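# Residue-level structural notes
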Amino acid sequence: MNWIVLFVAGVLEVVWAVGLKYTEGFTRLWPSVGTGAAFLLSIGLLSWAMRDLPVGTAYAFWVGIGAVGTAVIGMAFLGEPATAARLGSLALVAAGIVGLKLSSSA
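## As for the overall build of the protein chain
For the protein chain, the helix and strand inventory stands at 4 helices and 0 strands. Referenced to the eigenvectors of the C-alpha coordinate spread, the extents of the protein chain come out at roughly 45 × 35 × 15 Å. A burial count over the protein chain gives 34% of its 106 residues as buried. The long-range fraction of contacts in the protein chain, counting pairs at least 24 apart against all pairs at least 6 apart in sequence, stands at 67%. In the form shown here, the protein chain has an accessible surface area of approximately 6,200 Å², with 74% of it arising from carbon and sulfur atoms. If the 5 positive side-chain charges of the protein chain are averaged to one point and the 4 negative ones to another, these points end up 3 Å apart.

Pasting the structure below:
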């Protein structure tokens, strides 16, 4: 269950990271509210998952999901370049996330 909670926390990290773009420096109310809510929920779920998961593994998993997810959204929907080097680097991060999950004792 903790891994599912951690995954949802990671997805919410993608939401708030992408949402930051639309807050325009927190000058737009509703994008700012949504981004803040996603941030608080993401951190809350990360904290909950860390009760039973190793802190280093949980944090790296959360950051990895956020980094890969945000980069993929940027490439797929925001016009960011999808070069071979970027895709290969993201694949390495994803492999690291899987490795952390598989090597975790929790």
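## What to know about helix α1 (residues 2-23)
Here α1 is 22 residues long and its end C-alpha atoms lie 31 Å apart, about the 32 Å a rise of 1.5 Å per residue gives. E24 lies just past α1 and shows a positive phi near 50°.

## Description of the packing of α1 against helix α3 (residues 55-77)
Relative orientation of the contacting elements α1 and α3 amounts to 40°, with a least axis distance of 8 Å. Overall, the two elements α1 and α3 adopt an arrangement that is oblique. In the crossing of α1 with α3, the sense of the turn from one axis to the other is right-handed. Note on element contacts: α3 touches α1 through T57, A58, F61, W62, V63, I65, G66, G69, T70 and I73, opposite W3, L6, F7, A9, G10, V11, E13, V14, W16, A17 and V18.

## Side note on unusual backbone geometry
Negative phi is the rule for most residues except glycine; trans is the rule for most peptide bonds. Of note, E24 is a non-glycine position whose phi angle comes to about 50°, a positive value. By the element assignment, E24 lies in the loop between α1 and α2 (29-49). Positioned with a positive phi, F26 is a non-glycine residue whose angle comes to about 60°. Relative to the elements of secondary structure, F26 occurs in the loop between α1 and α2. We classify F26 as exposed; its relative accessible area is 53%.

## Describing the confidence of the model for the protein chain
Looking at the protein chain, pLDDT values average 95 and 98% of them are 70 or higher. Mean pLDDT values over the elements of the protein chain span from 93, in helix α4 (residues 84-103), up to 98, in α2.

## A few points about the packing of aromatic side chains
Aromatic ring pairs are described here by two measures, namely the spacing of the ring centres and the angle between the planes. The full count for this structure, using the stated rule, is 3 aromatic pairs. Measuring from centroid to centroid gives 5.0 Å for W3 and F61, while their planes differ by 70°, and the two rings are edge-to-face. Here W3 is found in helix α1, whereas its partner F61 is found in helix α3, with 58 residues between them in sequence. No difference in accessibility class separates W3 from F61, as the two residues are buried. Both rings, one in Y59 and one in W62, keep their centres 5.7 Å apart while their planes meet at 40°; by these two values the pair is tilted. Pair noted here: Y59 and W62 are both in helix α3, with a separation of 3 residues, about one helical turn. Residue class for W62 comes out buried when judged on its relative accessible area of 5%.

Cut-offs applied
- Residues numbered from 1 in each chain as written.
- Predicted model: local features only at pLDDT ≥ 70, side-chain atom pairs only at ≥ 80, totals over all residues.
- Heavy atoms only, no water.
- Helix = DSSP H or I, 4+ residues; strand = E, 2+ residues; numbered from the N terminus.
- Buried < 20%, exposed > 50% of the residue type's maximum accessible area, 1.4 Å probe, protein only.
- Contact = heavy atoms within 4.5 Å.
- Areas by Shrake-Rupley, 256 points an atom, 1.4 Å probe, with all protein chains shown as cover.
- Lys, Arg positive; Asp, Glu negative; His and termini not counted.
- Charge placed at Lys NZ, Arg CZ, Asp CG, Glu CD.
- Expected span 1.5 Å × (residues − 1).
- Axes fitted to C-alpha atoms, helices over the stretch in contact; angles between N-to-C directions.
- Parallel < 35°, antiparallel > 145°, perpendicular 65-115°, else oblique.
- Left-handed = near helix turned anticlockwise from the far one by under 90°.
- pLDDT = per-residue confidence, 0-100.
- Phe/Tyr/Trp six-rings, centres within 6.5 Å; stacked < 30°, edge-to-face > 60°.

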